[in-house]
Amino acid sequence: MSVNQRLVNPLMTQLFEAILLLKTKEECYEFFEDLCTVNELRDMSQRLEVAKMLNKKEKYEKIEEMTGASTATISRVKRCLAYGADGYIKVLERMEAQAEKVDNTNE
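Described in the following lines is the structure provided in the data block. Computed from a predicted structure; not experimentally measured.

Topic: the overall build of the protein chain
- Each helix and strand counted, the protein chain has six helices and zero strands in total.
- Counting from the amino terminus, the protein chain carries its helices and strands in the arrangement α-α-α-α-α-α.
- When the backbone C-alpha atoms are referred to their principal axes, the protein chain occupies close to 40 × 40 × 30 Å.
- Expressed as a percentage of its 107 residues, the buried residues of the protein chain come to 14%.

Quick look at unusual backbone geometry
- One non-glycine residue with positive phi stands out, namely K57, at about 65°.
- The topology assignment puts K57 in the loop between helix 3 (38-55) and helix 4 (60-67).
- The phi dihedral of D86 is positive, around 70°, even though this residue is not glycine.
- Positionally, D86 belongs in the loop between helix 5 (71-83) and helix 6 (87-106).

Considerations on the pattern of salt bridges
- This model, assessed by the stated rule, comprises one salt bridge.
- Residue K62 pairs with E58 through a salt bridge whose shortest N-O separation is 3.5 Å.

Examining the environment of A85
- By secondary structure assignment, the location of A85 is in the loop between helix 5 and helix 6.
- In this structure the C-alpha to C-alpha distance between A85 and Q5, which are 80 residues apart in sequence, comes to 11 Å.

Brief notes about the packing of aromatic side chains
- Tallied over the full model, the rule gives one aromatic pair.
- Pairing F31 with F32 gives two aromatic rings, centres 5.5 Å apart and planes at 85°, and the pair type is edge-to-face.
- Taking the relative accessible area as the measure of exposure, F31 reaches 25% and is therefore partly exposed.

Some thoughts on the packing of helix 3 against helix 4
- Where helix 3 meets helix 4, the axes come as close as 10 Å, and the angle between the chain directions of the two elements is 150°. Judged by the sense of rotation from one axis to the other, the crossing of helix 3 with helix 4 is right-handed. Touching Q46, E49, V50, M53 and L54 of helix 3 are Y60, K62, I63, M66 and T67, all from helix 4.
- For the contact of helix 3 with helix 4, a count of residues per class yields six nonpolar, two polar and two charged.

Some remarks on a nonpolar patch on the surface
- On the surface, a nonpolar cluster with roughly 260 Å² of combined accessible area is contributed by V3, L7 and V8.
- Secondary-structure assignment places L7 in the segment before helix 1 (10-20).

Some points on the environment of V8
- Looking at the secondary structure, you find V8 in the segment before helix 1.
- Here V8 falls in the partly exposed class, since its relative accessible area comes to 46%.
- With 95 residues separating them along the chain, V8 and D103 place their C-alpha atoms 38 Å apart.

The rules behind each value
- Per chain, the residues get numbers from 1 upward, laid out in the order the sequence is written.
- Owing to the predicted nature of the model, reporting of local features is limited to residues with pLDDT of at least 70; listing and counting of side-chain atom pairs is limited to 80 or more, with chain, interface and lining totals taken over all residues.
- Where side-chain values are given, they derive from all heavy atoms of the structure, hydrogens and water being excluded.
- Numbering of helices and strands runs from the N terminus; a helix is a DSSP stretch of H or I covering at least four residues, while a strand is a stretch of E covering at least two.
- Partly exposed describes any residue whose relative accessible area lies between the buried limit of under 20% and the exposed limit of over 50%, with all areas from a 1.4 Å probe on protein chains only and scaled to the type maximum.
- For salt bridges, the criterion is a side-chain nitrogen of Lys or Arg within 4 Å of an Asp or Glu carboxyl oxygen.
- Aromatic contacts are taken between Phe, Tyr and Trp rings whose centres are within 6.5 Å, Trp giving its six-membered ring; a plane angle under 30 degrees counts as stacked, one over 60 as edge-to-face, and the others as tilted.
- Only the stretch in contact is used when fitting a helix axis, every axis being a line fitted to C-alpha atoms; angles between N-to-C directions are given from 0 to 180 degrees.
- Here is the rule for handedness: rotate from the far helix to the near one, and if that takes an anticlockwise turn smaller than a right angle the crossing is left-handed, while a clockwise turn gives right-handed.
- Residues are treated as being in contact if the distance between any of their heavy atoms lies within 4.5 Å.
- Here the term charged refers only to Asp, Glu, Lys and Arg, the term nonpolar to Ala, Val, Leu, Ile, Met, Phe, Trp, Tyr, Cys and Pro, and the term polar to all other amino acids, Gly among them.
- What makes a patch is a set of residues exposed beyond 30% relative accessible area and free of salt bridges, joined within 9 Å when like-charged and within 5 Å when nonpolar (Val, Leu, Ile, Met, Phe, Trp, Tyr).
- Computed by Shrake-Rupley with a 1.4 Å probe, the accessible areas treat only the displayed protein chains as cover when residues are assessed.

Bear in mind that shape data such as this cannot, by itself, settle questions of function.
In structure tokens form, the structure reads like this:
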């Protein structure tokens, strides 16, 4: 899937390059705390959890109950999973691979 070209501009590129420079979770917390409001961060983390649950074929009702996300948010994330730029899919696959790797080292 290709990136929406309306998003591509020097400021957005600078932001993503800055994010790619972060090396630890602590650095991420520090940077994103400065960059975003608490609500923006909560919304983004909620959307990722919704994507994770949708990817596991969970029902809207359970997702609503577990995450507090509205049906509108769940629908939006579902559209992104189905028709988006595959960003959620890439991250979810990598998260799953990382979790499997951790599980295998703990055995």
